[in-house]
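Topology and contacts: notes
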2 protein chains.
Amino acid sequence: MNSHYPSTLLENAVNEFAKLPGIGKKSALRLVLHLLRQDEEKVVTFADTILKLRQEIKYCAICHNISDIDICEICSDKSRSNSLICVVENVKEVMAIEKTDQFRGLYHVLGGIISPIDGIGPSDLEIASLEERVKSGEIKEVILALSATMEGDTTNFYIYRKLQPYNIKVSIIARGVSIGDEIEYADEVTLGRSILNRTPFDESFNQLSK
Amino acid sequence: MNSHYPSTLLENAVNEFAKLPGIGKKSALRLVLHLLRQDEEKVVTFADTILKLRQEIKYCAICHNISDIDICEICSDKSRSNSLICVVENVKEVMAIEKTDQFRGLYHVLGGIISPIDGIGPSDLEIASLEERVKSGEIKEVILALSATMEGDTTNFYIYRKLQPYNIKVSIIARGVSIGDEIEYADEVTLGRSILNRTPFDESFNQLSK
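Predicted model, so just to flag it, every value in this text is computed and none were measured. (Residues numbered from 1 in each chain as written. Chains lettered and ligands numbered in written order. Predicted model: local features only at pLDDT ≥ 70, side-chain atom pairs only at ≥ 80, totals over all residues. Heavy atoms only, no water.)

**Comments concerning the overall build of chain A**
- Counting its secondary structure elements, chain A contains eight helices and six strands.
- Start at the N end of chain A and walk to the C end: the helices and strands fall as α-α-α-β-β-β-α-β-α-β-α-β-α-α.
- By the compact-globule yardstick of 17 Å for 210 residues, chain A is too spread out, its C-alpha radius of gyration being 22 Å.
- Taking all 210 residues of chain A together, the buried fraction comes to 40%. (Helix = DSSP H or I, 4+ residues; strand = E, 2+ residues; numbered from the N terminus. Rg over C-alpha atoms; globule rule 2.2 N^0.38 Å. Buried < 20%, exposed > 50% of the residue type's maximum accessible area, 1.4 Å probe, protein only.)

Encoded structure:
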């Protein structure tokens, strides 16, 4: 026994936690010992909640976002514009954009981005279903809101080409200097982009005063 | 719904993870989304392992370390000296000392240290059971291996006084400059301690060459 764990039960639990991303053996042991100190009923709730999530979670039939119901709250919200779709990578981005309160259209969750290095191609993502939604005719504009990385750009371009035949507007979220950033410290690519994509000052001013 | 979580199942799971020490809402979401991407059977194993740990874990009847059996492997190991007891805070310290391969006695796991600020007093720890072990008469030396903090020192002193009537040797692990540390960067208290507790060079040399 070179593992030094005094108990197989303990070792198994540590190993399970250490499988989670960003959690090493030391943190895993800390988490497991914390759970051991809790009331049994609390640990039962912990395990049940995770199990229930995995077993009962649904994905919205329209936008593929995580949902408790067949058609998610956003897609079934009649007050939102169904002619505007924002394409995002995952549920995290939906949450981030919802937090801004700046978007009242619908989403389309790809479930990832094209990344040959991770073996993720277009067919692994919800791109065909996006095309179907566009084909159905109600959509006027698709906003691409993927990460500003090479993988994001590849995916943006792939989707753009796929949607070209349908004669709709395809836009991409603005890239530029972050609000609060000092110009001096902005990287040159971002700064260059923000100059190329400059907006009329009165437009920008109107946005601020809203 | 100001939470922005698209699903109650998701939100509950995130909240459960966020209860763990050192895990905030953002990390919790990342971990939960990771589990969602795994095969269901893997998530079942994860939840079951944790549940099983909490429900089936035992504590050694002698040393109070975590154990799968009534008397732990260390306490039932006949090749170890039962006249020497090392007092530690928790299972983590047992594992750390076992890793050194420098100790062949038994342990006594206190389950914490005296910390009035956290509401932990002597009666919350396995101190009475340590006294019982010493009273039984086989023990010749107790080594105190608690953290070199104020709480550790308080606990050391409390145990030392409790064990004084039994006429056994009570020792404390050496405190000094860590192996590999440069003197220049050692803090003055540690450096001072290491000078006061200097050991004959030939002794130290013999230890190195072993």
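Having put the structure on the table, let's press on.
**Focus on the nonpolar core**
- Counting 46 residues, the largest nonpolar core has A:Leu10, A:Phe17, A:Phe46, B:Leu10, B:Phe17 and B:Phe46 as the members making the most contacts within it.
- Aside from chain neighbours lying at most four places away, what touches B:Phe17 is A:Phe17, A:Leu20, A:Phe46, A:Ile50, B:Ile23, B:Ala28, B:Leu31, B:Val32, B:Leu35 and B:Phe46. (Core = buried A, V, L, I, M, F, W, Y, C linked by side-chain atoms within 4.5 Å. Contact = heavy atoms within 4.5 Å.)

**Remarks on the UniProt feature "zinc finger region: C4-type" (unreviewed entry) in chain A**
- Mapped onto this numbering, the UniProt entry annotates "zinc finger region: C4-type" (unreviewed entry) at residues 60-75 of chain A.
- Annotated as residues 60-75 of chain A, this span is 0% helix and 12% strand, and its ends, taken at the C-alpha atoms, are 8 Å apart. (UniProt positions renumbered as here; feature names shortened; annotations may be inferred.)

**Some thoughts on the relation of the copies chain A and chain B**
- Aligned on chain B, chain A shows an RMSD of 0.1 Å; the corresponding rotation is 180° and the shift along the axis is 0.0 Å. Taken together, the rotation and translation describe the operation of a two-fold axis. Among all C-alpha atoms of chain A, that of A:Ala47 lies closest to the rotation axis, at 2.4 Å.
- Most of the interface of chain A is mirrored in chain B, where 100% of its interface residues are also at the interface. (Least-squares fit on C-alpha atoms with pLDDT ≥ 70 in both.)

**With respect to the pairing of strand 6 (residues 169-172) of chain A**
Residue and element names in this part refer to chain A.
- In this structure, strand 5 (residues 141-144) lies alongside strand 6, joined through four bridges in parallel fashion. Across the sheet, residue Val142 finds its bridge partner in strand 6, namely Val170.
- With respect to chirality, the unit in which strand 5 leads through helix 6 (residues 150-163) into the neighbouring parallel strand 6 is right-handed. (Pairing = 2+ DSSP bridges. Right-handed = clockwise from strand over helix to strand, strands pointing away.)

**Some thoughts on the packing of aromatic side chains**
- Under the criterion given, the structure shown has six aromatic pairs over all chains.
- Between B:Phe17 and B:Phe46, the aromatic rings sit 6.4 Å apart at their centres with planes inclined by 25°, giving stacked as the arrangement. Residue B:Phe17 is found in helix 1 (residues 8-18), and its partner B:Phe46 is found in helix 3 (residues 40-56); the two are separated by 29 residues along the sequence. Considered together, B:Phe17 and B:Phe46 belong to a single accessibility category, that of buried residues.
- Through a chain of ring-to-ring contacts, three or more aromatic side chains come together here, namely A:Phe17, A:Phe46, B:Phe17 and B:Phe46. (Phe/Tyr/Trp six-rings, centres within 6.5 Å; stacked < 30°, edge-to-face > 60°.)

**Here's the deal with the UniProt feature "domain: Toprim" (unreviewed entry) in chain A**
- Feature annotation in UniProt assigns "domain: Toprim" (unreviewed entry) to the following positions: residues 83-178 of chain A.
- For residues 83-178 of chain A, helix accounts for 33% and strand for 18%, while the C-alpha atoms at its two ends are 28 Å apart.

**Overview of the environment of B:Asn82**
Residue and element names in this part refer to chain B.
- If you trace the backbone, Asn82 turns up in the loop between strand 2 (66-67) and strand 3 (84-88).
- Residues Asn82 and Glu141, spaced 59 residues apart in sequence, show a C-alpha to C-alpha distance of 9.7 Å.
- In contact with Asn82, not counting residues within four places along its chain, are Leu106, Glu138 and Ile139.
- Within the local environment of Asn82, its side chain forms a polar contact with the side chain of Glu138, the two groups lying 2.9 Å apart. (Polar contact = N/O pair within 3.5 Å; in protein donor to acceptor, adjacent residues only side chain to side chain.)

**Here's the deal with the domain arrangement of chain A**
- Domain boundaries in chain A define domain 1 (8-56) and domain 2 (72-173).
- Taking only C-alpha atoms into account, the centre of domain 1 of chain A sits 35 Å from that of domain 2 of chain A. (Domains from an automatic or database assignment.)

**Some points on the interface of chain A and chain B**
- Opposite the 54 residues of chain A that make contact, chain B presents 54 residues.
- Note on chain A versus chain B: buried area summed over both sides is about 5300 Å², and carbon and sulfur give 74% of it.
- In this structure, the connection of chain A to chain B is made through zero salt bridges.
- Secondary-structure elements contributing two or more residues to the side of chain A that touches chain B are helix 1 (8-18), helix 2 (25-37), helix 3 (40-56), strand 2 (66-67) and helix 4 (91-100) of chain A.
- Top element by residues in the side of chain A that touches chain B is helix 3 of chain A. It accounts for 15 residues. (Buried area = accessible area lost by both parts, 1.4 Å probe. Salt bridge = Lys/Arg side-chain N within 4 Å of Asp/Glu carboxyl O.)

**A closer look at the side chain of A:Asn156**
- Summarising the element assignment, A:Asn156 is placed in helix 6.
- Residues in contact with A:Asn156, not counting those within four places in the same chain, are A:Leu144, A:Leu146, A:Ile172 and A:Arg175.

**Thoughts on helix 2 of chain A**
- With 13 residues, helix 2 of chain A should reach 18 Å at 1.5 Å per residue; the first-to-last C-alpha distance of 18 Å fits that figure.
- Within the sequence span of helix 2 of chain A, burial applies to A:Ala28, A:Leu29, A:Leu31, A:Val32, A:Leu33, A:His34, A:Leu35 and A:Leu36.
- In this fold, the buried residues of helix 2 of chain A make contact with helix 1 and helix 3 of chain A together with helix 3, strand 1 (58-59), strand 2 and helix 4 (91-100) of chain B. (Expected span 1.5 Å × (residues − 1).)

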